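Overview (structure and organization)
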Amino acid sequence: MSVLSVTVGIDVAKAHVDVCVLGAKSEAQRLNNDAEGHSALAAMLLPVGVGLVVMEATGGYEAALACALQAAGLPVAVVNARQAREFAKSMGRLAKTDAVDARMLAELAAVLVRREDLERFLRPLADERQQWLAALVTRRRQLLTMMHSERQRLQITPKKLHVSIDAIVAAIKAQLDEIEAQMLTHVREHFAELDSLLQSTAGIGPVASATLIAELPELGKLNRREIAALVGVAPMANDSGSSKGRRRVQGGRFEVRRVLYMATLTATRYNPAIKTFYERLKAAGKLPKVALVACMRKLLTTLNAMARTGKHWDKSLLGA
């Protein structure tokens, strides 16, 4: 039996996971989504010789399972839920249950495992330090969202109640300061070298650096096209026959792209190389938004080259 012929799909829920194994004599199973269940699943899959395990990103419920399976030596790909659903529709699977989803993910794994660029789908193994940094970055983002919501309520709330909102905003601000301090301390203690390298680029500050380290562990491990596609800043063709559609960016990791957008806005003002590139694109007739996305891609691929080579910012890396 070929290893490539054995693929696994896992539908992840908060309390349990449904598992489908294709290419081996194994029935669909449901296990608890906890440490005991993860260990049992790894023990079940290891003797089979699995080519690829695929699961959807489910807001964090999949993280511990993915890490446990990877630690056991299994190749794991965590795919975007929209991609998985569109694959199911393309295969004519319109019904949606946990068992159906698990089988569909196993079928998707059978397609991905034969791709030459399989590496870009595999989830890098995150250690406890990176998981904690990712949790801090996520919590900071949640606090910012809550603060923004409270401040918006000021506009539609009677003035007599503004004291209540101000008190909540102050409490959130205190928590935000504490989380940011923990985040920056953690980066200095465990990722100082990479942080220093990323922040050598004008436009990349402490928050952008921490976010890239936490949420883009593939940085420096993929080529420039793969990293751009992963983040969602690579232009996608839209051609058919003689028709040439407009290229556009889509998909990817939204939170990384949002931080990269803000960093690029700063870079177009204070980073000489990115500023020159941006102005040259606008002079060539590109719309400001199109030019900015191109700068985002240029900045990202440069950071990727820096992480790969271990070199600090240098204009020669812009073509990497």
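Please read all numbers here as calculations on a predicted model, not as lab measurements.

Cut-offs and rules
Residues numbered from 1 in each chain as written. Predicted model: local features only at pLDDT ≥ 70, side-chain atom pairs only at ≥ 80, totals over all residues. Heavy atoms only, no water. Buried < 20%, exposed > 50% of the residue type's maximum accessible area, 1.4 Å probe, protein only. Helix = DSSP H or I, 4+ residues; strand = E, 2+ residues; numbered from the N terminus. Contact = heavy atoms within 4.5 Å. Axes fitted to C-alpha atoms, helices over the stretch in contact; angles between N-to-C directions. Parallel < 35°, antiparallel > 145°, perpendicular 65-115°, else oblique. Left-handed = near helix turned anticlockwise from the far one by under 90°. Nonpolar A, V, L, I, M, F, W, Y, C, P; charged D, E, K, R; others polar. Phe/Tyr/Trp six-rings, centres within 6.5 Å; stacked < 30°, edge-to-face > 60°. Lys NZ or Arg CZ within 6 Å of the ring centre and 35° of its normal.

Quick reminder: α-helices carry 3.6 residues per turn. Residues three or four places apart thus point the same way. For helix α2 (residues 63–71), the set of buried residues is L65, A66, C67, L69 and Q70. Tucked into the core, α2 has its buried residues touching β1 (7–12), β2 (16–22), α1 (35–45), β4 (52–56), β5 (76–79) and α5 (128–153). Looking one or two residues beyond α2, the residue adopting positive phi is G73, at roughly 100 degrees.

Put simply, α5 and helix α6 (residues 162–190) touch, their axes get as near as 9 Å, and they point 160 degrees apart. Regarding the angle of α5 to α6, the classification is roughly antiparallel. The way α5 lies across α6 gives a crossing that is left-handed. Taken together, the residues that form the contact of α5 with α6 break down as 16 nonpolar, 4 polar and 8 charged.

Counted by the stated rule, this structure contains 0 aromatic pairs. It is R129 that lies over the ring of F191; its NZ or CZ is 5.5 Å from the centre. The side chain of K298 reaches across the aromatic face of F277, ending 5.2 Å from its centre.

Here we take up the environment of V187. Its place among the elements puts V187 in helix α6. As a C-alpha pair, V187 and T309 span 122 residues in sequence and 20 Å in three-dimensional space. Those residues in contact with V187 that lie beyond four places of it in its chain are L133, A192, D195, A210 and I213.

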